[in-house]
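Tertiary structure, described
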Amino acid sequence: MVEGKLRGRTSEVLHERAKVIMPGGVSSPVRLFPPHPFFARRAEGCVIVDADGNEYTDYCMAYGPLIFGHAYGPIINAVRGQLRDGTLYGTPTEGEVAFAESIKKAMPACEMLRLVNSGTEATMHAIRLARGFTGRKTIVKFDGCYHGAHDSVLVKAGSGAATHGGPSSLGIPEEVVENTLVLPYNDPGALEKAFQEHGRDIAAVIIEPVIGNIGVVEPAPGYLESVRRVTEENGALLILDEVITGFRLAFGGAQEMFGIRPDLVTLGKVIGGGFPLAAYGGRKDIMSMVSPLGAVYQAGTFAGNPVSVAAGRATLDELSARRNSVYPTLERSRERLTNGIRDAARDSHKQVQVNETASMFQMFFTGQPVTDATSASSCDRGLYMRLHHGLLERGVFFPPSQFETCFLSTAHTHDRIDATVEAVAEVLRGL
Ligand SMILES: *Cc1c(COP(=O)(O)O)cnc(C)c1O
């Protein structure tokens, strides 16, 4: 541990106080890391500032939502405007209709959609809908994919569940987990075999098109196509979980990038512009089964919250208007950073894999390619945490787990990126 580069002990003191009243002192498990997390006071652009005034270039970016960086002007203005007009009505608004229309325009597979508050809700309801529509019980998910913290998908899940949890969570009845088949990612043969054995029972396959919850793992060429083909042949629905990738990989998400048309889509993170907002949508015949049109129940007091919708609309409007520059700019920034990191790794003679796509990347300490949960788990996670700590000491915030993803925003400047490369090089040399 490098001593003395960070000022103050306020975060440590706050964490002591937080631990008494909140499990782990945090509101979500992944936020806890040793010796203690820093407590944020404010953030702007690509910089987050802790309770002692230490500044960090932020690559955690709240785990994905902030594609324009912190406190982005057009989003803040939209939210301010809405606040003056009230915060929650319990009636429909024009804003949510316009927002849903924008999503459909970007993602034609979302013929109809329903707004919810979190990615967890979106996948939970998409799964219930898939079961209601097909009359089947079994769900297929992939080892290392994370779809939120609810019962049927909290099996061999990525993100905090991989960092802090076991293979599954306590408190989930066996009868529930029995209906979830977990398969290795990037293995079309395993999926074919599962369908040969259980095809008539499988309601849906839920998948992250690019995994962002064991670090970044891309689908092998043709893999998503084979998932699409096998589900279609067997009358099972394909739920593409684009909570991270939607509007991040491309304006139309991974479905546009890979040319896949899913039956159902789940969205969250980027679409809320930093506010709690998520959605699930898809084929009209399926979505027509959602209450009050159909018999699959789902509801929410805060669903379509006007403040979140204002932030979401501002985000999608900006992305739509600037998509021809935003996505290439993000890609160039990421390339500048990961090329620098690769050079630094080579110079330090450390075995490092850098997985990357669009504005997402992660470093793994291993000599082997990382293509699924098994290869991700075999990396040296201790070295990653030392990297994380060393970077914090140098004013750079990478997510505090090997099983999370680094995100770039349009607010990450070349100067900051170059300084980050320097910091990574320095830490790698010392490992
Ligand atoms: C973050 C995430 C979720 C859960 O979203 P929350 O808003 O945290 O409930 C679901 N799926 C994927 C792919 C995610 O990355």
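Right above here is the structure, for reference.
Residues numbered from 1 in each chain as written. Predicted model: local features only at pLDDT ≥ 70, side-chain atom pairs only at ≥ 80, totals over all residues. Heavy atoms only, no water.

A tally of helices and strands in the chain yields 14 helices and 14 strands. A globule of 431 residues ought to have a C-alpha radius of gyration of about 22 Å, and the chain, at 21 Å, matches this closely. Summarising its shape, the C-alpha atoms of the chain cover approximately 60 × 55 × 45 Å along the three principal directions. Of all 431 residues assigned to the chain, the portion counted as buried reaches 55%. Across the chain, the fraction of contacts at a sequence separation of at least 24, relative to all contacts at a separation of at least 6, is 71%. Accessible surface computed for the chain: about 18,300 Å², of which carbon and sulfur atoms make up 51%. Once the 42 positive and 48 negative side-chain charges of the chain are each reduced to a mean point, those two points are 2 Å apart. (Helix = DSSP H or I, 4+ residues; strand = E, 2+ residues; numbered from the N terminus. Rg over C-alpha atoms; globule rule 2.2 N^0.38 Å. Buried < 20%, exposed > 50% of the residue type's maximum accessible area, 1.4 Å probe, protein only. Contact = heavy atoms within 4.5 Å. Areas by Shrake-Rupley, 256 points an atom, 1.4 Å probe, with all protein chains shown as cover. Lys, Arg positive; Asp, Glu negative; His and termini not counted. Charge placed at Lys NZ, Arg CZ, Asp CG, Glu CD.)

Below, the discussion takes up the pairing of strand 1 (residues 40-44). Burial within strand 1 is sparse, with just 0 of its 5 residues counted as buried. Summarising the sheet, strand 1 and strand 2 (residues 47-50) pair through 4 bridges and their orientation is antiparallel. Paired with A43 across the two strands is I48, which belongs to strand 2. Count of turn residues in the strand 1/strand 2 antiparallel hairpin: 2 residues, of which G45 carries a positive phi of about 60 degrees. (Pairing = 2+ DSSP bridges.)

So, on to the packing of aromatic side chains. The full count for this structure, using the stated rule, is 11 aromatic pairs. For the ring pair Y59 and F361, a centre distance of 6.4 Å and an interplane angle of 70 degrees mean the geometry is edge-to-face. Residue Y59 is located in the loop between strand 3 (55-58) and helix 2 (73-84), and its partner F361 is located in strand 12 (residues 360-364); the two are separated by 302 residues in the primary sequence. Each member of the pair, Y59 together with F361, is buried. Members of the aromatic cluster, connected to one another through ring pairs, are F33, F38, Y56 and F397. (Phe/Tyr/Trp six-rings, centres within 6.5 Å; stacked < 30°, edge-to-face > 60°.)

Our focus in this paragraph is the sheet that holds strand 14 (residues 406-407). Read across the open sheet, the 3 strands follow the order 11-12-14; overall the sheet is antiparallel. The open sheet terminates on both sides in strands that have one partner only, identified here as strand 11 (353-357) and strand 14. Across 5 bridges, strand 11 lies against strand 12 in antiparallel orientation. For V354, the partnering residue across the bridge sits in strand 12 and is M363.

As a further point, take the pattern of salt bridges. In the structure shown here, the tally under the stated rule is 18 salt bridges. Its salt-bridge partner being E55, residue R416 comes within 3.8 Å of it at the nearest N-O pair. Residue R416 is found in helix 14 (residues 414-430), and its partner E55 is found in strand 3; the two are separated by 361 residues along the sequence. Taking relative accessible area as the criterion, E55 reaches 44% and is therefore assigned partly exposed. Residue R261 is joined to E111 by a salt bridge in which the shortest nitrogen-to-oxygen separation is 3.2 Å. In this pair, R261 sits in the loop between helix 9 (253-258) and strand 9 (264-267) while E111 sits in the loop between helix 3 (94-106) and strand 4 (112-116), placing the two residues 150 residues apart along the sequence. (Salt bridge = Lys/Arg side-chain N within 4 Å of Asp/Glu carboxyl O.)

This next bit is on the site of the ligand. Around the ligand, the neighbouring residues are S118, G119, T120, Y146, H147, G148, E208, N213, D241, V243, I244 and K269. G119 is positioned such that a nitrogen or oxygen atom in its backbone is 2.9 Å from an oxygen atom of the ligand. (Near = heavy atom within 4 Å. Polar contact = N/O pair within 3.5 Å; in protein donor to acceptor, adjacent residues only side chain to side chain.)

Moving on: the pairing of strand 10 (residues 278-282). Taking burial as the measure, the 5 residues of strand 10 include 5 buried ones, the bulk of the element. With burial as the criterion, each face of strand 10 is covered, one bearing A278, Y280 and G282 and the other bearing A279 and G281. Direction of pairing for strand 4 relative to strand 10: antiparallel, over a ladder of 5 bridges. In the strand pairing of strand 10, L115 is matched with A279. Across 4 bridges, strand 9 lies against strand 10 in antiparallel orientation. Among the inter-strand pairings, T266 is bridged to a residue of strand 10, identified as Y280.

What follows covers the packing of helix 3 against helix 11 (residues 306-348). Remark: helix 3 packs on helix 11, axes separated minimally by 10 Å, with the N-to-C direction vectors making an angle of 35 degrees. In this structure, the crossing between helix 3 and helix 11 has a hand that is left-handed. Contacts from G95, E96, A98, F99, S102 and I103 in helix 3 reach V309, G312, R313 and L316 in helix 11. Each residue belonging to the contact of helix 3 with helix 11 can be placed in one class, and the counts come to 5 nonpolar, 3 polar and 2 charged. (Axes fitted to C-alpha atoms, helices over the stretch in contact; angles between N-to-C directions. Left-handed = near helix turned anticlockwise from the far one by under 90°. Nonpolar A, V, L, I, M, F, W, Y, C, P; charged D, E, K, R; others polar.)

Attention now goes to the sheet that holds strand 1. Spatially, 1-2-3-13 is the arrangement adopted by the 4 strands of the open sheet, whose pairing is mixed. In the strand order of this sheet, the two ends are held by strand 1 and strand 13 (396-397), each with one partner. Those strands touched by helix 14 are strand 2, strand 3 and strand 13, and its axis lies near 100 degrees from that of strand 3.

The end-to-end C-alpha distance of helix 11, which contains 43 residues, comes to just 50 Å, noticeably less than the 63 Å that a straight helix rising 1.5 Å per residue would cover. Helix geometry: helix 11 is bent most strongly at R322, by close to 90 degrees. Sitting at the head of helix 11, N305 places a side-chain oxygen 2.8 Å from the backbone nitrogen of V307. Of the residues trailing helix 11, H349 is marked for its positive phi of about 55 degrees. (Expected span 1.5 Å × (residues − 1). Bend = angle between axes of the 7 residues up to and from the residue.)

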